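Chain and residue survey
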Amino acid sequence: MKQGSSVALKVMAGAGFVFLYAPIIALIVYSFNESKLVTVWGGWSLKWYVELFRNEQIMSAAWVSLKIAFISATMASILGTLAGFVLSRMRKFAGKAMLTGWVTAPLVMPEVITGLSLLLLFVSLENMFGWPAGRGVTTIVIAHTTFCLAYVAVVVQSRLASLDETLEEAAMDLGAKPTSLFFLITLPLIAPAIISGWLLSFTLSLDDLVIASFVSGPGNSTLPMVIFSKVRLGVTPEVNALATLMIVTVSIAVIAAIVIMHRQNRFKDANK
Amino acid sequence: MSAFPNTSTVQTQSVPTWRQKDAKPFVQIEQITKQFGQFTAVNSVSLDIYRNELFCLLGGSGSGKSTLLRMLAGFEEPTSGRILIDGVDMTGIPPWERPVNMMFQSYALFPHLSVEANVAFGLKREGLKSAEVNKRVAEILGMVQLGHLAKRKPHMLSGGQRQRVALARSLVKRPKLLLLDEPLGALDKKLREETQFELMRLQDELGITFIVVTHDQEEAMTLATRIGVMNNGDIVQTAEPHEVYEYPQNRFVAEFIGNVNLFDGTVIDDERDTTSMRSADIDGLLQVDHGISCAPNQDVSVAIRPEKIRISREPIDLEVNATTGVISDVAYMGSQSIFKVRLNSGKEIRITQPNVSREMGNRLTWEDRVFLSWDADSCVVLVA
């Protein structure tokens, strides 16, 4: 009976994994395809990777994307940490419930709406103050920071909630003023959460197509935008190669985030 | 030991400070009240604690003892009243500026810092030179016998070792006052006993005033110079350990500390050196060897500790402080035995007897008819 159920479980899990990952594996395999036709197998080759790196349009879009992902992940980590800290450590203040709502709203907001509303904001700001002048890297960074901030805030807040508050009391008792308390005790203890929040933000920003499409300007296409426009004209094996590289990058970031979150649990038993 | 200037030697022979009339208290708690919303955690508590005392706040959960301790450390501001430490009003002074350190129940060791860095944390905040910091850290770690573990992280230590790191960390700043929140709570029984004596030794050597919060009466009895028993936010009695045990001031203290038999009675005669009471619980009269100056026919409770009652099969010829009953239960505990005796009135009382003899033959046992008696100076009359 027990044997049977465990076999059934394995079959179900296997089916689930096949369903999730078979398309990705097919894509990776076809990125090494010699043939010019995406659907016809013509033997192994690295030719499309070489082509990819020669393609100026894709390379410059990749650079733009990485730059945007790096800056917005960093800004989101700083602002998100502050938001998470305020939400979990400050005593009740007027508007706290509203702040909680505001910080977490981008998690559930449809991207189309976020993108459209940000576009409207940027256009009217430009009309009124002349800033931001046009749309480009700056506007995409601002847009990505706003929605990535929500993820960092949630991760940091949950870490702070599980953090023993007596640690902070002990530090104060030993003479630490609030600033040194934050930098010497609180920050090192929530650092894993901040780092994994950063990695999460980085991948979210790298993957985003919808919001970036709304708020980017001419000549500042991000990688997902270039891929999307290419695919509309027909899939080339080059795109498979690019997608494979992106999958590898994102997987590394996500796995690193998981590993870091896991390692922080190591410390949790220290005072039990 | 050079790290701690021996400010004063502990006076064990002379009269304790708290019994001297003109002694100046070191910690003055003046009508402290703490409310959390509608709930009153500490209710107008006043308390004086003297230098070099090891004062125990003893009470059950929710008695307000921890809240009182947190107000001393500065983590909670009192709703009303004030606290003076060494004559200085602590109102509005944040925790990091108080001459007080605390040892937390959970130890609250910083998990990302080594043992050494944990202990050094407080000294570095004072801006001491690193040579001085290292010297004092090494000294205190030697004192709690942890010098060899200085580089370890807290999660690599056993419970007893963590407890000693926490103690070292709270002592290294040489506070005027050390607060200990259930310091032995997380240790097993054997380790607890060792640590109790360790704590007393350190307190003796360092001459720091200790305030210990505990729910464990045995711990309070062994450690304390004086005990403050708390119930529902009030201090119900403040006295030396033997006084709390032998002369409880009210029913709560009598029942909370140790075991006790309580007889309900009515005063029939209240003289200067003797008081007699009638009780439906026992056969004869109850008598104590002092006056209690109360109204005639006052209803009182008389408390007698289980070990102060004599138990025997031989009839005794006594009119007062004596009764008869039948043994309803016996528990052999090795060094002593506990008897439960059902009196003629139906009331069941508890008696403990040391097992002086090794022989089992003539022992009192189930259903034995026994005669009980006690001395007039062994019982306490409780009006409240």
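These numbers were taken from a predicted model, which means no experiment stands behind them. (Residues numbered from 1 in each chain as written. Chains lettered and ligands numbered in written order. Predicted model: local features only at pLDDT ≥ 70, side-chain atom pairs only at ≥ 80, totals over all residues.)

**Considerations on the domain arrangement of chain B**
Residues and elements named next belong to chain B. The domain boundaries assigned to chain B delineate domain 1 (17-99 + 175-251) and domain 2 (259-382). For domain 1 and domain 2, the distance between their C-alpha centroids amounts to 34 Å. With 4 residues of domain 1 at the contact, the number on the domain 2 side is 5 residues. Of the residues belonging to the side of domain 1 that touches domain 2, the class tally is 2 nonpolar, 1 polar and 1 charged. (Domains from an automatic or database assignment. Contact = placed C-beta atoms within 7 Å. Nonpolar A, V, L, I, M, F, W, Y, C, P; charged D, E, K, R; others polar.)

**Describing unusual backbone geometry**
Residues and elements named next belong to chain B. Although it is not a glycine, aspartate 86 adopts a positive phi angle of roughly 55°. One can find aspartate 86 in the loop between strand 4 (80-85) and strand 5 (88-89). A positive phi is found at glutamine 145, a non-glycine position, where the angle reads about 55°. Topologically, glutamine 145 is positioned in the loop between helix 3 (130-143) and helix 4 (159-171). Owing to 12 C-beta atoms within 10 Å, glutamine 145 belongs among the exposed residues under this scheme. (Helix = DSSP H or I, 4+ residues; strand = E, 2+ residues; numbered from the N terminus. Buried ≥ 20, exposed ≤ 12 C-beta atoms within 10 Å, placed from the backbone.)

**Things to note about the sheet that holds strand 15 (residues 310-312) of chain B**
Residue and element names in this part refer to chain B. Strands sit in the order 15-19-16-17-18 across an open sheet of 5 strands; the sheet is antiparallel. Looking at which strands have only one partner, the edges of the open sheet turn out to be strand 15 and strand 18 (348-354). Recorded for the sheet is a direction-independent mean angle of 40° between the axes of neighbouring strands. Examined bridge by bridge, strand 15 and strand 19 (residues 369-373) share 3 bridges and lie antiparallel to one another. Residue pairing in the sheet places isoleucine 311 in a bridge with leucine 372 of strand 19. (Pairing = 2+ DSSP bridges. Axes fitted to C-alpha atoms, helices over the stretch in contact; angles between N-to-C directions.)

**Observations concerning the environment of leucine 125 of chain A**
All names here are of chain A. Mapped onto the secondary structure, leucine 125 falls in helix 5 (residues 111-129). For the pair formed by leucine 125 and phenylalanine 228, sequence separation is 103 residues and the distance between their alpha carbons is 29 Å. Those residues in contact with leucine 125, other than ones at most four positions away along the chain, are Trp131 and Pro132.

**A few points about the sheet that holds strand 12 (residues 275-278) of chain B**
Residue and element names in this part refer to chain B. The sheet built from 5 strands is open, its strands ordered 13-12-11-14-20 with antiparallel pairing. Each edge of the open sheet is held by one strand with a lone partner, namely strand 13 (286-288) and strand 20 (379-382). With direction set aside, neighbouring strand axes in the sheet form an average angle of 40°. Relative to strand 20, strand 14 (residues 299-304) runs antiparallel, the two being bridged by 4 bridges. Opposite isoleucine 304, over in strand 20, you have cysteine 379 as the bridge partner.

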